[in-house]
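Residue-level structural notes
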Amino acid sequence: MTAVWLFTVSSVIAGLGILFAFKRLMRGLSYRIKRNEFHFKGLQKDQIRFFIQVGLIEAIPIFLIVLGFMFMDEESLSIASLILPLLIILAVIIFSLLQIQKIKAEVMDVASSLNAEELSYIKSLSFIGYMTVLGIPILAIVAIFLM
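Just so it is clear, the model here is predicted, and its values are computed rather than measured.

Tallied over the entire structure, the rule returns four aromatic pairs. Here F22 and F50 contribute two aromatic rings whose centre-to-centre distance is 6.1 Å and whose plane-to-plane angle is 65°, an arrangement assigned as edge-to-face. Of this pair, F22 sits in helix α1 (residues 2–34) while F50 sits in helix α2 (residues 40–70); the two residues are 28 residues apart in sequence, bridging distant segments of the chain. For F22, a relative accessible area of 0% puts it in the buried group. The exposure class of F50 is buried, given its relative accessible area of 2%. Where F50 meets F51, the ring centres are 5.4 Å apart and the plane angle is 55°; that geometry is what we call tilted. Linked through ring pairs, F22, F50 and F51 together constitute an aromatic cluster. Between the NZ or CZ atom of K104 and the centre of the ring of F127, over which it lies, the distance is 5.9 Å.

A word on the packing of α2 against helix α4 (residues 116–145). Between α2 and α4, the shortest axis-to-axis distance is 10 Å and the interhelical angle comes to 5°. Classified by the interaxial angle, the pair formed by α2 and α4 is roughly parallel. Between α2 and α4, the contacting residues are F40, L43, Q47, F50, F51, E58, P61, I62, I65 and F69 on the first element and E117, E118, Y121, L125, I128, T132, I136, L139 and A143 on the second. Residues that form the contact of α2 with α4 fall into these classes: 14 nonpolar, two polar and three charged.

Taken as a whole, this structure holds two salt bridges when the rule is applied. With its nearest N and O atoms 2.9 Å apart, the salt bridge here joins D46 to R32. With D46 in helix α2 and R32 in helix α1, this residue pair connects regions lying 14 residues apart in the sequence. Judged by its relative accessible area of 17%, R32 falls in the buried class. Between R49 and D46 there is a salt bridge; the shortest N-O distance is 3.4 Å. One end of the pair is R49 and the other is D46, both in helix α2 and three residues apart, which spans about a single turn. Under the relative-accessibility criterion, R49 is labelled partly exposed at 45%. Relative accessible area serves as the criterion here: at 11%, D46 is assigned to the buried category. Counted as one network, the salt bridges with shared partners bring together R32, D46 and R49.

Here we come to α2. Taking 1.5 Å of rise per residue, the 31 residues of α2 would be expected to cover 45 Å, and the 44 Å separating its terminal C-alpha atoms lies within 8% of that figure. Those residues of α2 not exposed but buried are G42, L43, D46, Q47, F50, Q53, V54, E58, P61, L64, I65 and G68. Among the structural elements, α1 and α4 are those in contact with the buried residues of α2.

With that out of the way, let us pick up the environment of S30. On the secondary structure map, S30 appears in helix α1. Along the chain, S30 and I122 lie 92 residues apart, while their C-alpha atoms are 10.0 Å from each other. Excluding anything up to four places from it in sequence, S30 contacts V107 and V110.

Cut-offs applied
- Residues numbered from 1 in each chain as written.
- Predicted model: local features only at pLDDT ≥ 70, side-chain atom pairs only at ≥ 80, totals over all residues.
- Heavy atoms only, no water.
- Phe/Tyr/Trp six-rings, centres within 6.5 Å; stacked < 30°, edge-to-face > 60°.
- Helix = DSSP H or I, 4+ residues; strand = E, 2+ residues; numbered from the N terminus.
- Buried < 20%, exposed > 50% of the residue type's maximum accessible area, 1.4 Å probe, protein only.
- Lys NZ or Arg CZ within 6 Å of the ring centre and 35° of its normal.
- Axes fitted to C-alpha atoms, helices over the stretch in contact; angles between N-to-C directions.
- Parallel < 35°, antiparallel > 145°, perpendicular 65-115°, else oblique.
- Contact = heavy atoms within 4.5 Å.
- Nonpolar A, V, L, I, M, F, W, Y, C, P; charged D, E, K, R; others polar.
- Salt bridge = Lys/Arg side-chain N within 4 Å of Asp/Glu carboxyl O.
- Expected span 1.5 Å × (residues − 1).

Structure (structure tokens):
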């Protein structure tokens, strides 16, 4: 049971922490667009800062996942005891997806004056957001199914 909850806590920390960092990145992008300061050097700095934050945020969840794999063989679990942790992880995933969609829509509304290349950059950032936010929760679901 310990391993399941370690996987769950790691997915909650990673999902919500990276979502917070991504929302901060997109709000900074929106601020740059509003002030007509949309240039790729500033965006690269923001993106580098985002990836550093992601690395720092994921340090604890990765440690928790390693601990979870160490405690996996200690006990056998029933399907009923896995339902609540899976529901929590799925709630984090759904909440994160909805928040990314929301912040993307807000930035796209502000970015109506940008050209096609700059709009594709914003769309690419949203896909990066999806993948970074969902990485650990999906790993946690796979680890729970391995039990």
